[in-house]
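# Fold and geometry: a report
Take a look at the letters that make up each chain.
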Protein chains: 2
Amino acid sequence: MPARTSLSGFPEWLPAERIVEQSILDQLRETFELHGFASLETRAVETLEELQRKGETSKEVYILERLQDRGQDHDKKERPLGLHFDLTVPFARYVLENAGNLTFPFRRYQIQKVWRGERPQDGRFREFTQADIDIVGNGTLAFHHEVEIPLVIIEALSKLPIPPVTVLVNNRKVVQGFCEGIGVEDVEQALRSIDKLDKIGPEGVAAEMREFGFAQEQVDRLLELASLSGDDEKVLDDVRALGVSNELIDEGLEELGALLKAAAKRAPHRVRADLKIARGLDYYTGTVYETMLEGHEDLGSICSGGRYDSLASDGKRSFPGVGISIGVSRLVSRILAEDLAVASRSVPTCVLVAVMNEDTRELSDDVAFELRTRGIPTEVAPSSAKFGKQIRHADRRGIPYVWFIGEDGAHEVKDIRSGDQVPADPKTWEPPAEDLFPTVKPGE
Amino acid sequence: MPARTSLSGFPEWLPAERIVEQSILDQLRETFELHGFASLETRAVETLEELQRKGETSKEVYILERLQDRGQDHDKKERPLGLHFDLTVPFARYVLENAGNLTFPFRRYQIQKVWRGERPQDGRFREFTQADIDIVGNGTLAFHHEVEIPLVIIEALSKLPIPPVTVLVNNRKVVQGFCEGIGVEDVEQALRSIDKLDKIGPEGVAAEMREFGFAQEQVDRLLELASLSGDDEKVLDDVRALGVSNELIDEGLEELGALLKAAAKRAPHRVRADLKIARGLDYYTGTVYETMLEGHEDLGSICSGGRYDSLASDGKRSFPGVGISIGVSRLVSRILAEDLAVASRSVPTCVLVAVMNEDTRELSDDVAFELRTRGIPTEVAPSSAKFGKQIRHADRRGIPYVWFIGEDGAHEVKDIRSGDQVPADPKTWEPPAEDLFPTVKPGE
């Protein structure tokens, strides 16, 4: 990964890069809120018990210890805490704790850092930002939300300075039903093997399945299923043509069809059924999603998720949901590394007010005050150096305008890109709208 | 602290509370950017070495350990990492690492969580959000930035739904010069003792000073100095009237005077010189700041900082700066606990589009699509329950408008607060501007 970092796995950005990241986060937030998702933040920390509930990822957890407790007996310490490694575990815990104060179905977005104690040599991020949306019901959750989620995500991603995305979808009911239909009992293993198709190829998958006791006939049928894909009704017929049929498959295909139909209307060619999409995790029960960025397939899925019948449960109540998670840092890192987008300047400042000499700095402060009152980001020059030097100060930061107060008290503003300099009144002058704030444009 | 939390010291908010917090963070960001501060984020993690450079707070550090490294010999592990306990240490490290790619003076704001391994019984936050602004020079930094910083902060805080603030200022040069003038050598101890004035009173401070070998005469003079305060020139005369005089005192008083003068113009009565403001930390070298919230003095300073001649140094270069830090979580916690501000609704949604029956859900989706295209946050009702139930769904969330499509295809929108229902076209209807997004208003 090309991110600037002095500590392996912990990327940081320069100011102009941060403006790109910020504009992406702002844009995601705007789209999520447009669709009625409420913002939520959870603490960075969970009990180790909570983090280990879903065994698999527990190895990557960073645990915390108070420095002064170090070296003390474990039993003298408080119960162990760790940093969250995703936003799903904390959200599930939050929903259970606050169910009485939430209204269901509850729609939330959550944009936060997560941490994983990955091995540094893997070149993976150990700290990165995720942007999640989930819709969670109390007891039940209608299927149409499984259609809604990928459409929101496509809208959100289409507003970012990145190439088009394709959301690859599958439905667990189809895979589950198919496995049942051909007599495969270990559906989880089937899913885990199919999930490796892109990595180890059909022969690798076949070998692994045989190792786990799958019959050759079963392996062949599963690979046939996994080879199917398409963005319209035809793919459903292809599945049916495999000749395995039961209620669960029918239900899954009907759902897949409804999703493709809605997508064809709102986001043509952006959603594709791909029967090999398995998602390793076993808690998905309906539609599952992965998202490929055109021309950047090497990134893997930039946005994944699915339907789960029980996000959280306390024995009495169960909360089904559907959600998806964007790996923002990986995306931003790629955008910056390949100049897919660049900020128009490295500071928010639109106008630098020049200072003639330190005795009249107050006049410059007054101009800045007037401009800011009208919402124009303004700085006053830090020193009363020669005007040429003050203009260079602006130029180095990409600040488009420098404001001058003449010895006669006349005010002029210079567009330092064109060199145009015109008389101006601090109480009325406005920059063109596109210069007011830094903008983020596609790179060259 | 009244924050909702299931883990002592780690506050979390409900959706409507989060809207209040978010509006405060948005407002701070807006003001900081209006003044040309660039956004920065640093990783949450620093090396323990970096965190312990300023010895004093090291006890409160949370250190990290990868779960799989647990129990292994210390020498087999990577160098120890900890969570940052403020935003100054990471910023100093960032400036040193990136100096070649930054332009100075560098103005940045940074709004992030910080963590402190406080003892839980103290009722303090272990995770909280800080909002910092700093201006950092390369080698030198002009004094006028020490005037600028508190004015930015007063502007930022005055836009929040909180009572007025008073920034209490002092100047280290005055205290240092005064100590030198009366023969006190251990200036740091003098500062540490004076810092406790509000906690242990003048007699406690005097006792402590005597313990550290201060002469009674010195104690008396220092307490006289510490008793002075005022928001105009008179306080400077009061200091001079104490009869201790040298260049350093003169310089400090001149700076204090310049700050009071500028504040009298831009923020009358909001800045007050208070000679007892010491700030425990020994790296301040000029103006220091604390900020009191009217009627909430029990919170202590909600925003503190000062001038430091060396934020960071690598031996060759030194980076002087001036900065201030708002304790956002403590402020938000108080705002929420005392209903100083409330959100107009718990979701971003402005319109709920009702669904007559599941077969016609697509018509409702179409309306939502049109409204969102024009920037109106919209949800579609999750179920085609009776209209009364759908209206209650909106009501419980504070969604102001419900959109109906009649069996005849006629569209109507109802303001569920007034009950008014009018014909409407999804391509042109606009809500009143104040209903478009949730607003945050002072509580009752």
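Values in this document were obtained by computation on a predicted structure and should not be read as measured data.

### Looking at the environment of Ala263 of chain A
Residues and elements named next belong to chain A. Relative to the helices and strands, Ala263 is located in helix α10 (residues 247-266). Using a count of 23 C-beta atoms within 10 Å as the deciding quantity, one classes Ala263 as buried. For Ala263 and Asp232, which are 31 residues apart along the polypeptide, the C-alpha to C-alpha distance reads 9.6 Å. Discounting chain neighbours no more than four positions away, the residues touching Ala263 are Leu151, Arg270 and Val271.

### Some points on the interface of chain A and chain B
Facing 55 residues of chain A, the contacting portion of chain B comprises 54 residues. In terms of residue class, the side of chain A that touches chain B is built from 21 nonpolar, 17 polar and 17 charged. In this structure, strand β3 (residues 62-66) of chain A lies alongside strand β3 (residues 62-66) of chain B, joined through five bridges in antiparallel fashion. Pairing of Tyr62 of chain A across the sheet is with Arg66 of chain B, part of β3 of chain B.

### A word on the relation of the copies chain A and chain B
Under the fitted operation, chain A is carried onto chain B by 0.0 Å of movement along the axis and a turn of 180 degrees, and the coordinates agree to an RMSD of 0.0 Å. Classification of the inter-copy transformation places it as that of a two-fold axis. Closest approach to the rotation axis within chain A is made by the C-alpha atom of Leu64 of chain A, at a distance of 2.4 Å. Comparing contact sets, 98% of the residues at the interface of chain A also lie at the interface in chain B, consistent with an isologous, same-surface contact.

### Some points on the sheet that holds strand β7 (residues 165-171) of chain B
Note: strands within a sheet are paired through backbone hydrogen bonds, in either parallel or antiparallel orientation. All names here are of chain B. Sheet architecture is open: nine strands sit in the order β1-β5-β6-β12-β11-β10-β7-β9-β8, paired in mixed fashion. Here the strands that pair on one side only, and so sit at the sheet edges, are β1 (38-39) and β8 (229-230). In this sheet, strand β9 (residues 271-274) lies alongside β8 in antiparallel orientation, the contact comprising two bridges. Pairing of Ser229 across the sheet is with Asp274, part of β9. Of the strands in this sheet, β5 (106-115), β6 (127-136), β11 (303-313) and β12 (318-327) are in contact with helix α3 (residues 88-98), which crosses β11 at around 35 degrees.

### Concerning unusual backbone geometry
All names here are of chain A. The step from Phe104 to Pro105 runs through a cis peptide bond, and the omega angle for that step is -10 degrees. Tracing the backbone through its elements, the reader meets Pro105 in the loop between α3 (88-98) and β5 (106-115). Backbone geometry at His269 places phi at a positive 65 degrees, although glycine is not the residue there. For His269, the position within the fold is in the loop between α10 and β9 (271-274).

### Remarks on the sheet that holds strand β8 (residues 229-230) of chain A
Within the open sheet, the nine strands sit side by side as β1-β5-β6-β12-β11-β10-β7-β9-β8 (chain A). Their pairing is mixed. Sheet topology places β1 (38-39) and β8 of chain A at the edges, where each strand pairs with a single neighbour.

### What to know about the domain arrangement of chain A
Residues and elements named next belong to chain A. Here chain A is described as being made up of domain 1 (1-140 + 308-343), domain 2 (165-293) and domain 3 (351-442). Between domain 1 and domain 3, the C-alpha centre-to-centre distance is 41 Å. Of all the secondary structure elements, the ones that give two or more residues to the side of domain 1 that touches domain 3 are α1 (15-34) and β13 (341-343). Taken together, the residues of the side of domain 1 that touches domain 3 break down into six nonpolar, one polar and no charged.

### Observations regarding the nonpolar core
Val169 and Trp403 of chain A together with Val95, Val169 and Trp403 of chain B are the most contacted members of the largest nonpolar core, which has 250 residues in total. Residue contacts for Trp403 of chain B: discarding those within four places in its chain leaves Val351, Leu352, Val353, Ala354, Val367, His411 and Val413 of chain B.

The rules behind each value
- Residues numbered from 1 in each chain as written.
- Chains lettered and ligands numbered in written order.
- Predicted model: local features only at pLDDT ≥ 70, side-chain atom pairs only at ≥ 80, totals over all residues.
- Helix = DSSP H or I, 4+ residues; strand = E, 2+ residues; numbered from the N terminus.
- Buried ≥ 20, exposed ≤ 12 C-beta atoms within 10 Å, placed from the backbone.
- Contact = placed C-beta atoms within 7 Å.
- Nonpolar A, V, L, I, M, F, W, Y, C, P; charged D, E, K, R; others polar.
- Pairing = 2+ DSSP bridges.
- Least-squares fit on C-alpha atoms with pLDDT ≥ 70 in both.
- Axes fitted to C-alpha atoms, helices over the stretch in contact; angles between N-to-C directions.
- Domains from an automatic or database assignment.
- Core = buried A, V, L, I, M, F, W, Y, C linked by C-beta atoms within 7 Å.

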